[in-house]
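# Tertiary structure, described
Chain residues, written in single-letter form:
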Amino acid sequence: MSKQSINICWLRRDLRLDDNAAIYHALKSKDPVLLLFIFDKNILNKLLDKKDVRVNFIHETIIHLNQQLQAYDTSILVKYGTPEEVWTGLLNTYNVNSVFTNHDYEPYATERDSGLAEYLSSESIAFRTFKDQIIFEKDEILKADGKPYTVFTPYFRQWQQKLNEFYLKSYPSKRYFNNFLTTPPFEIPSLRDMGFEKSTQALPGLDFESKLRDYEERRDYPADDATTHIGMHLRFGTISIRYAAREALKQNADKWLSELAWRDFYMMILWHFPHTVSQSFKPAYDKIRWRNNEDEFKAWCEGKTGYPLVDAGMRQLNETGYMHNRVRMVVASFLTKHLLIDWRWGEAYFAEKLMDYEMASNIGGWQWACGCGNDAAPYFRVFNPELQTKKFDPDYRYINKWLPEHKQQKHVKPIVEHAFARERILKVFKEALNS
Ligand SMILES: Cc1cc2nc3c(=O)[nH]c(=O)nc-3n(C[C@H](O)[C@H](O)[C@H](O)COP(=O)(O)OP(=O)(O)OC[C@H]3O[C@@H](n4cnc5c(N)ncnc54)[C@H](O)[C@@H]3O)c2cc1C
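Here the structure is a predicted model, which means the values were calculated and not measured.

How each quantity is defined
Residues numbered from 1 in each chain as written. Predicted model: local features only at pLDDT ≥ 70, side-chain atom pairs only at ≥ 80, totals over all residues. Heavy atoms only, no water. UniProt positions renumbered as here; feature names shortened; annotations may be inferred. Helix = DSSP H or I, 4+ residues; strand = E, 2+ residues; numbered from the N terminus. Contact = heavy atoms within 4.5 Å. Salt bridge = Lys/Arg side-chain N within 4 Å of Asp/Glu carboxyl O. Pairing = 2+ DSSP bridges. Axes fitted to C-alpha atoms, helices over the stretch in contact; angles between N-to-C directions.

What follows is about the UniProt feature "binding site: FAD" (unreviewed entry) in the protein. The sites that UniProt annotates as "binding site: FAD" (unreviewed entry) are Y215, W256, E259, L260, A261, W262, R263, D264, F265 and Y266. When you line up the elements, Y215 lands in helix α8 (residues 215–218). Filtering out sequence-adjacent residues up to four positions away, Y215 remains in contact with A226, T227, K255, W256 and E259. The topology assignment puts A261 in helix α11 (residues 254–272). When neighbours within four sequence positions are excluded, A261 is seen to be in contact with F152, Y155, F156 and W159.

This part covers the pattern of salt bridges. Under the counting rule described, the total for this entry stands at 31 salt bridges. Between R13 and E358 there is a salt bridge, with the nearest N and O atoms lying 2.8 Å from each other. With R13 in the loop between β1 (5–11) and α1 (21–28) and E358 in the loop between α15 (343–353) and α16 (359–370), this residue pair connects regions lying 345 residues apart in the sequence. With a closest N to O distance of 2.9 Å, D132 and R16 form a salt bridge. Of this pair, D132 sits in the loop between β5 (126–130) and α6 (152–162) while R16 sits in the loop between β1 and α1; the two residues are 116 residues apart in sequence, bridging distant segments of the chain.

Read across the open sheet, the five strands follow the order β3-β2-β1-β4-β5; overall the sheet is parallel. Unpaired on one side and paired on the other, β3 (76–81) and β5 mark the two borders of the sheet. For this sheet the average axis-to-axis angle between neighbouring strands, irrespective of direction, equals 25°. Packing of α1 onto the sheet brings it into contact with β1, β2 (33–40), β4 (95–102) and β5, and relative to β4 it is tilted by some 150°. Contacts from helix α3 (residues 53–70) reach β1, β2 and β3 within the one sheet, and its direction differs from that of β2 by about 165°.

This is the structure we're talking about:
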């Protein structure tokens, strides 16, 4: 007897059932749909912290999705392995008609997906992919000459002009849930099966709507903690970007909407310029003679530079996996400019620690802070951590919360003097850029 023909919908960073482009299109097709998630060994094996909170978050989310799916007599197939080995196994087990998935713009993912596309095509299986995690992708926003924007302000102008209901409407996948493949529940590998353990870090909730009203006035004051903490949910798709943007428009939260556009922008920078994963967007900056002093890097990582705002930020990151945006800018500027340590070192440290780590935004943020990225501002803008404190944490509420020794006046002495560091970086950067 010939095996039943099915479609597979592969979830990656779009871990929700409703308003999910790939699920919607898969369910609307003729064959029943099997949902798939792969805990990718290529990614997991690189994670040093076996209690990684992001792996915990994905695992919890998958379990939750599976519970929801049981109401429809279906289940999500969860595999632990490399995509290559998992797909070979799947094609031996199932009679697959088409594979559906949503776009992922990171270099590893685009390479993985083009390999899969080739393999599926050799087996005469259709591979159908969709935009889901950003509002505008690829060539939807380009300059008049057909090239991608490399500076945010003109990009955002077009982004705003183009934004309309069409791009924000949700995909009503729920309507078609009766087209999931009927199957008893599959077993989900445990964290332990994959060499991980339960994390003790608190996961961010999803209550962004209530934060939008005062966002613009309060977002820059780290002690107020007035931003939405939605990054991890956007990263793993537990919220739809279209819903988030619609909510911003509903509440006239223009500033917050522009932050979502920054996210789109950096994703498209990474997609159009994948070399920026390891090289500066502005090539001249790769001639900088970094000092890369390992003791100073350690002091920065541990929050022991003697600059209260920098140290408070690093302590917040180390303790919670989160750091306020204003402070991210200050610590990144401090590492690259005050200490003359390569932005790639800081980027890698953030990638390891940030719960909301997003490759495109992290690389974009680091290159912006260093001056080598997509920024119109000149390299000689050097944040002064003390002035930043006066402006954004004048009564030391944020600093005292994360750096108790500051309150007790036991904080270590600065490892470098600001005026000296500023002169040094100006000289080194100038040499590199003029060489
Ligand atoms: C050095 C550096 C590294 C960064 N690394 C990351 C990262 O790994 N992941 C990440 O999501 N953001 C990163 N950012 C951007 C920003 O700091 C965070 O998005 C923000 O602090 C997350 O907190 P929130 O969710 O409360 O943000 P909100 O202010 O509530 O913003 C809502 C969402 O908009 C997006 N967003 C906001 N600001 C930016 C921005 N400047 N660039 C791109 N997207 C933005 C994020 O998805 C964010 O969750 C980085 C910034 C810097 C300066």
